[in-house]
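As a plain string of letters, each chain reads:
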Amino acid sequence: MNTNTKPNTDNRPITIGIVAGEISGDTLGAGLIKALKQRYPHARFVGICGAQMIAEGGETWFPLERLSVMGLVEVLGRIKELFAIRDELVRRFIAEKIDVFIGIDAPDFNLRVAPQLKQAGIKTVHYVSPSVWAWRQGRIHGIKAAIDLMLCLLPFEKQFYDQHQLDAVFVGHPLADSLPLKNDTLAVRQQLGLEANKQYVALLPGSRGGEVSRLAEPLFAAALLLKKQHPQLEFIIPAINVLRKKQISELLEQSGLQATIFDDSYGAGVGRLVMAAADVVVLASGTATLEAMLLKKPMVVVYKLHWLTYLIVRLMAKAKYISLPNLLANQALVPELVQHAVTPESISQAVEQWLKPQQQQQLVARFTELHQQLQANGSETAAQAISQLLEKQ
């Protein structure tokens, strides 16, 4: 993909339908909107946008939070509402005569919007490959029928789509471009008002209410165990919005753990700031594991679903690992604690190994290599691929 092509200063009032389903998608969407506006200065971006996308000029028709549902079983309780949102989006996109639809992640939602739009003659793009290479590989047939272009964040994903004759572009990850190869921990601590010489463990029980309800208790209990062994340890927690802050604060009070919560007054990237300030990170599996890797932070990854969702996922899963650092390296660089292994004892023991500086040095070197592999000018490369699709007759 040639990313040095001169931006198209096309003044056509094109309309781009765009749907992000969670905070990580909002971050990607904001970078993409900014890059596309360089090519199409008068473009409108309409659909479902988070705060960062709105700041770049996106118009949102529904709150992004309404799509932030995790797990197969959990979705069932919201299925009627999600179908209603989907149908209204399709209707409005067709009425607006959008030039292209871009679904960002949230595949269970966006890949149900895309085929209806494609049938209406609208070009379709999916940004962030679903984990079809890891589980439910039969989905590839539906994806091929729904999508004109797949934008892949990880190199092995494009290889998978090439094998199935679906147009795909490896765009790298915008975070790998925006984050420096070396993280300035002391500067971030100063920004957050933290002491330079203390040892901090960041606890990230997730960005969704369901995740927090499952993971906060074992994470906070593990922190109490660590505090007994290491009285000097301090614990820091991000809360991405008012709802999560309230939920986390209540659970924290119940646990008896003393910790500092940083809320969204520090910006949409408060989770990244908290991780950047920490010595070790304990976090829910997801995009945040990639951020922690790019920040060169030793981590312990926890993954816990509704029991029925977990059984279904376990039956269909093909991948050896669940966290992005391990998947990228194709080896167990960081501990992964899954379902019944998510206990205070196992979490605290896993954190223990990272409290020794000598254990961290080799990991940081490997994370730096992976960081460099993912640098591909992500937002710009994605915008170039979409632009080529738009110009294709």
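Everything numeric here is computed off the predicted structure, so don't read it as measured data.

Criteria and cut-off values
Residues numbered from 1 in each chain as written. Predicted model: local features only at pLDDT ≥ 70, side-chain atom pairs only at ≥ 80, totals over all residues. Heavy atoms only, no water. pLDDT = per-residue confidence, 0-100. Helix = DSSP H or I, 4+ residues; strand = E, 2+ residues; numbered from the N terminus. Contact = heavy atoms within 4.5 Å. Buried < 20%, exposed > 50% of the residue type's maximum accessible area, 1.4 Å probe, protein only. Pairing = 2+ DSSP bridges. Right-handed = clockwise from strand over helix to strand, strands pointing away. Phe/Tyr/Trp six-rings, centres within 6.5 Å; stacked < 30°, edge-to-face > 60°. Lys NZ or Arg CZ within 6 Å of the ring centre and 35° of its normal. 1 Å grid on protein atoms, 1.4 Å probe; cavity = no way out; pocket = protein on both sides within 12 Å on 5 of 7 lines; lining within 4 Å. Points joined across faces, edges and corners; volume = space filled by probe spheres on them. Salt bridge = Lys/Arg side-chain N within 4 Å of Asp/Glu carboxyl O. Arc of directions from axis to C-beta. Axes fitted to C-alpha atoms, helices over the stretch in contact; angles between N-to-C directions. Core = buried A, V, L, I, M, F, W, Y, C linked by side-chain atoms within 4.5 Å. Parallel < 35°, antiparallel > 145°, perpendicular 65-115°, else oblique. Left-handed = near helix turned anticlockwise from the far one by under 90°. Nonpolar A, V, L, I, M, F, W, Y, C, P; charged D, E, K, R; others polar.

Engineer: I'd like to hear about the confidence of the model for the protein chain, residue by residue, with values.
Structural biologist: Across the protein chain, the average pLDDT comes to 89, with 89% of residues at 70 or higher. Strand E5 (residues 123-127) holds the highest mean pLDDT among the elements of the protein chain, 98, whereas helix H3 (residues 72-76) holds the lowest, 53. Across residues 1-9, where pLDDT falls below 50, the model places 19 contacts with residues more than four positions away in sequence or in other chains.

Engineer: So what about the pairing of strand E4 (residues 100-104)? Which residues, and what values?
Structural biologist: Where burial is concerned, most of E4 is hidden: five out of the five residues are buried. Neither face of E4 is exposed, since Val100, Ile102 and Ile104 on one face and Phe101 and Gly103 on the opposite face are all buried. Relative to E5, E4 runs parallel, the two being bridged by five bridges. Looking at the pairing, Ile102 lines up with Val125 of E5. For the segment spanning E4, helix H5 (residues 107-119) and E5, crossover handedness is right-handed.

Engineer: So what about the packing of aromatic side chains? Which residues, and what values?
Structural biologist: Inspection of the entire model under this criterion finds four aromatic pairs. Arranged with centres 5.4 Å apart and planes meeting at 40°, the rings of Trp61 and Phe93 form a pair that is tilted. Here Trp61, found in the loop between strand E3 (59-60) and H3, pairs with Phe93, found in helix H4 (residues 79-96); they are 32 residues apart in sequence, far enough to count as distant. With centroids separated by 5.4 Å and ring planes inclined at 75°, the aromatic side chains of Phe262 and Tyr266 adopt a geometry described as edge-to-face. Overall, the relative accessible area of 3% leaves Phe262 in the buried class. Taken together, the aromatic side chains of Trp61, Phe93 and Phe101 make up a single cluster linked through ring pairs. The ring of Phe83 is capped by Arg86, whose NZ or CZ atom sits 4.6 Å from the centre of that ring.

Engineer: A description of the layout of surface pockets should follow, citing residues and the corresponding values.
Structural biologist: Reported here for the second largest pocket is a volume of approximately 340 Å³. If you go around the second largest pocket, you meet 17 residues; those closest to its centre are Thr185, Lys296, Lys297, Gln360 and Val364. Where the lining of the second largest pocket is concerned, the elements lending two or more residues are helix H9 (185-192) and helix H17 (357-373). Looking at the lining of the second largest pocket element by element, the count peaks at four residues for H17.

Engineer: Quick one: what's the story with the environment of Ser24, residue by residue and with numbers?
Structural biologist: Secondary-structure assignment places Ser24 in helix H1 (residues 23-39). Here Ser24 falls in the buried class, since its relative accessible area comes to 18%. Taking C-alpha positions, Ser24 is 8.2 Å from Ala288, a pair spaced 264 residues apart along the chain.

Engineer: Account for the pattern of salt bridges, with residues named and values stated.
Structural biologist: This structure, assessed with the given rule, holds 18 salt bridges. Put simply, Asp87 and Arg86 hold a salt bridge, and the shortest N to O gap is 3.0 Å. Owing to a relative accessible area of 40%, Asp87 belongs among the partly exposed residues under this scheme. Each of Glu22, Arg208 and Glu211 takes part in salt bridges that share partners, so that together they form one network.

Engineer: Can you tell me about helix H7 (residues 155-163), naming the residues and giving the values?
Structural biologist: Of the residues making up H7, those classed as buried are Glu157, Phe160 and Tyr161. Around the axis of H7, the buried residues are gathered within 95° of arc, so they sit on the same side. Buried residues along H7 sit against helix H6 (140-146), strand E6 (149-152) and strand E7 (168-170). Trailing H7 by a residue or two, Gln165 shows a phi angle of about 55°, which is positive.

Engineer: Quick rundown of the sheet that holds strand E13 (residues 336-338)? Include the residues and the values.
Structural biologist: Across the sheet, six strands lie side by side as E10-E9-E8-E11-E12-E13; this open sheet has parallel pairing. Strand pairing shows two members of the sheet lacking a second neighbour, strand E10 (260-262) and E13, which therefore form its edges. Within this sheet the neighbouring strands show an average axis-to-axis angle of 20°, counted without direction. For strand E9 (residues 233-238) and E10, the ladder comprises three bridges, and the chain directions are parallel.

Engineer: Residue-level account of the nonpolar core, with values.
Structural biologist: Formed by 132 residues in total, the largest nonpolar core has its most connected members in Ile102, Tyr127, Leu151, Tyr161 and Leu203. The greatest single-element share of this core, amounting to eight residues, is contributed by helix H10 (residues 209-229).

Engineer: If you had to explain the packing of H10 against helix H16 (residues 344-354) to someone new, which residues and values would you point to?
Structural biologist: Where H10 contacts H16, the two axes come as close as 8 Å, and the packing angle between them is 55°. When the interaxial angle is binned, H10 and H16 end up oblique. Handedness of the H10/H16 crossing: right-handed. Contacts from Pro218, Leu219, Ala221, Ala222, Leu225, Leu226 and Gln229 of H10 reach H16 at Pro344, Glu345, Ile347, Ser348, Val351 and Glu352. Its residues assigned to classes, the contact of H10 with H16 comprises nine nonpolar, two polar and two charged.

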